Amino acid sequence: MKKSKLFAAAAILAGAFGTAQAADLYVSLNTGANGNDGSKAAPYKNLWKALKVAQAGDVIHVAQGVYQGQTKRGWFDITEPVSIIGGYSDDFSSRDPLKNVTMLQPKNENNKDQGTGLGILNIGFEGKQNVNMVIDGLVIDEAYSNTYHPVKGKPEGFALGMLVPQGPAKGNTLDNPTVEASNPSRVAAMIYIRGVYDTGNITIQNCVFANGDNYGIMGGWPEGKVSVLNNVFVNNRMIGVELTGAKPDQYGKPTPNIANLEVANNTILFTWSRTNEMVDMGYGLRCNAKFNCDFHNNIIGLSVFSGIDMTKGEDKTKNIKIDNNVFFLNKKGDLSFTISPNMKFIGVDEFEDIEGEPGYKSMQGNIALKDPKAFGAKINQNYLENFLIVSYKEKTDYNPNSPANLFRAALGMNQVGTIQSSVSMYANHYPVEEMYQLFGAMEKYGAQPIK
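Sequence order as written defines the numbering, with residues in each chain counted from 1. Side-chain atom pairs in this predicted model are given and counted only at pLDDT of 80 or more, local residue features only at pLDDT of at least 70, and totals for whole chains, interfaces and linings cover all residues. Values shown for side chains rest on all heavy atoms present in the structure; no hydrogens or waters enter the calculation.

Colleague: Run through the overall build of the protein chain, naming residues and quoting values.
Modeller: Helices and strands together make up the secondary structure of the protein chain, namely 4 helices and 30 strands. Summary of the burial criterion: residues with accessible area below 20% of their type's maximum are buried, those above 50% are exposed, and those between are partly exposed, where the area comes from a 1.4 Å probe applied to protein chains only. Per-residue burial for the protein chain yields a buried fraction of 56% across its 451 residues. Here, residues are in contact when the closest pair of their heavy atoms is within 4.5 Å. When contacts within the protein chain are restricted to residue pairs at least 6 apart in sequence, long-range pairs at least 24 apart make up 74% of them. For the accessible areas, the method is Shrake-Rupley and the probe is 1.4 Å, while residue cover comes only from the protein chains on display. Carbon and sulfur atoms make up 50% of the accessible area of the protein chain, which totals about 19400 Å². Segments assigned H or I by DSSP are reported as helices when at least four residues long, segments assigned E as strands when at least two residues long, and all are numbered from the N terminus.

What follows is the structure in structure tokens.
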């Protein structure tokens, strides 16, 4: 990108904040120093440093590199409404987020230092009004902070076994051995938005969300709009994107505000269940109460449960549009909703049956993609093939007439047995560099090439 275009883009972005005081700050892991002034000629070395000095409306430009937070703790607090733009070369002469990768990638040995934050990026203010901020061109990868079992759930061709979300596994073969921490999986989302009394707009675009041990984007936003545009989500646990709506005000009274959530031109693949038994969670997107949800032109596929979930909150408190999306081999259905007291799963071909029901405003132009060849070789074929045949098995060893159980019964004690479980794979590490080629995998649908 030419310098004139860079300056023009920065000017437009700064103008969006409506303040003459907005500043441009620069960060370069390879050429900067935290004692610098943060200018393009003398950038900071670390993103956390820029976030400490940035004021509302500032734009932080971040060059390529793997950023791990202050003292490598793995997370960043955004306490002022500032924008973060990644993907620059070291000297900021060009920008290409998939070539000059700006990576947030916490490490396994620092899990104990994650603190109380709920995200790798924690976005939260104290009642800021008319927020206007952008997160653009970051790659967030949790592969090297996760714990993977060395042998269980390890199909042929995989270097590591299944994700172990609740604790360390002995003999872990990660580059950074698991630390015996009290809670090694604290991160609730890669981006966590903790809006309570804030209003305004947040845009998250042109990012990659990879190998998450929980949600991709979650949190709450009471008034305004959150836009999730042109991102790739691959191999995340539970849900790709979910936000909750209005919170009670400081006096405990419900607020009438309804926020807006637009999720457009995202590619969301391999969303896993909460546990390896595959019995709950595993949704590409969720529309919650008190939200106007506009989901369009996405590719939503390979979810353990459904592509889009509508089971949280009363439908009449939502306004949802689901238009022109591609649904792709979601295991239980493309849409899940509640017909009390049960959960119902339907495919694209049944969407017209619920259009016009309370909460469902538009459900037009959606497509069910049946043939994985439409993506060519852009999805890791070994990962895809093993996901499609993933299985969970239990073997119970219980004998009520064994000497031990007869003795326990005579004493009024519960009888005992053992259960052995096995799973063929579960949220195994997906190569993050292979996710970049998913930008532009299908024309018009999913994440498009970053311009």
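The structure having been displayed, the exposition proceeds.
Colleague: Requested: an account of the environment of isoleucine 379, with residues and values cited.
Modeller: Relative to the helices and strands, isoleucine 379 resides in the loop between β28 (367–369) and α3 (381–388). Each C-alpha atom, one on isoleucine 379 and one on glutamine 437, is 8.5 Å from the other, the two residues being 58 residues apart in sequence. Residues within four places of isoleucine 379 in sequence aside, it is in contact with Leu269, Phe270, Phe328, Leu384, Tyr430 and Leu438.

Colleague: Describe the environment of proline 150, naming the residues involved and giving the relevant values.
Modeller: Along the chain, the position of proline 150 falls in the loop between β9 (139–141) and β10 (189–194). Sequence separation between proline 150 and leucine 160 is 10 residues, and the spatial gap between their C-alpha atoms is 5.6 Å.

Colleague: Give a detailed account of the sheet that holds strand β5 (residues 83–88), specifying residues and quantitative values.
Modeller: Hydrogen bonds between backbone groups are what pair the strands of a sheet, and the pairing can be parallel or antiparallel. Ordered by their spatial adjacency, 10 strands build an open sheet running β1-β2-β5-β8-β11-β14-β17-β20-β23-β27, and the pairing between neighbours is parallel. A single partner strand is all that each edge strand has here, and the edge strands are β1 (24–27) and β27 (360–362). On average, each strand axis in the sheet is tilted by 15° relative to the strand beside it, whichever way the strands run. Paired strands, in this sense, are two strands between which DSSP finds at least two bridges. Between N-to-C directions, angles span 0 to 180 degrees; the directions come from axes that are lines fitted to C-alpha atoms, helices contributing only their stretch in contact.

Colleague: I'd like a rundown of the sheet that holds strand β7 (residues 119–123), residues and numbers included.
Modeller: Pairing within the open sheet is mixed, and its 9 strands lie in the order β4-β7-β10-β13-β16-β19-β22-β25-β26. Each edge of the open sheet is held by one strand with a lone partner, namely β4 (76–78) and β26 (342–346). This sheet shows a mean twist of 20° between the axes of neighbouring strands, independent of strand direction. In this structure, β10 lies alongside strand β13 (residues 215–220), joined through 5 bridges in parallel fashion. Within β13, the residue paired with alanine 189 across the bridge is tyrosine 215.

Colleague: I'd love a proper account of the pattern of salt bridges, names of residues and values included.
Modeller: Any carboxyl oxygen of Asp or Glu that lies within 4 Å of a side-chain nitrogen of Lys or Arg is treated as forming a salt bridge with it. Tallying each qualifying case throughout the model produces 6 salt bridges. A salt bridge links arginine 95 to aspartate 136; the shortest N-O distance between them is 2.8 Å. Taken together, the positions of arginine 95 in the loop between β5 and β6 (102–104) and aspartate 136 in strand β8 (residues 131–136) put the pair 41 residues apart, joining distant regions of the chain. Among the ionic pairs, arginine 274 bridges to aspartate 280, the shortest N-O distance being 3.0 Å. When its relative accessible area of 24% is taken as the criterion, aspartate 280 is described as partly exposed. Linked by salt bridges that have partners in common, Glu242, Arg286 and Asp309 make up one network.

Colleague: Run through the packing of aromatic side chains, naming residues and quoting values.
Modeller: Two measures describe an aromatic ring pair: the distance that separates the ring centres and the angle between the ring planes. Pairing of aromatic side chains requires ring centres within 6.5 Å, counting the rings of Phe and Tyr and the six-membered ring of Trp. Pairs whose planes differ by under 30 degrees are stacked, by over 60 edge-to-face, and all others tilted. Inspection of the entire model under this criterion finds 13 aromatic pairs. Here phenylalanine 270 and tyrosine 430 contribute two aromatic rings whose centre-to-centre distance is 5.8 Å and whose plane-to-plane angle is 40°, an arrangement assigned as tilted. Of this pair, phenylalanine 270 sits in strand β18 (residues 267–272) while tyrosine 430 sits in the segment after β30 (418–423), and the two are 160 residues apart along the sequence. Tyrosine 430 carries the same exposure label as phenylalanine 270, and that label is buried. Members of the aromatic cluster, joined through ring pairs, are Phe158, Phe270, Trp272, Tyr383, Phe387, Tyr426 and Tyr430. Whether a charge lies above a ring is judged from NZ of Lys or CZ of Arg, which has to be within 6 Å of the ring centre and within 35 degrees of the ring normal. Between the NZ or CZ atom of lysine 331 and the centre of the ring of phenylalanine 387, over which it lies, the distance is 4.8 Å. Seen from the ring of phenylalanine 305, lysine 332 lies directly overhead, with NZ or CZ sitting 5.2 Å from the centre.

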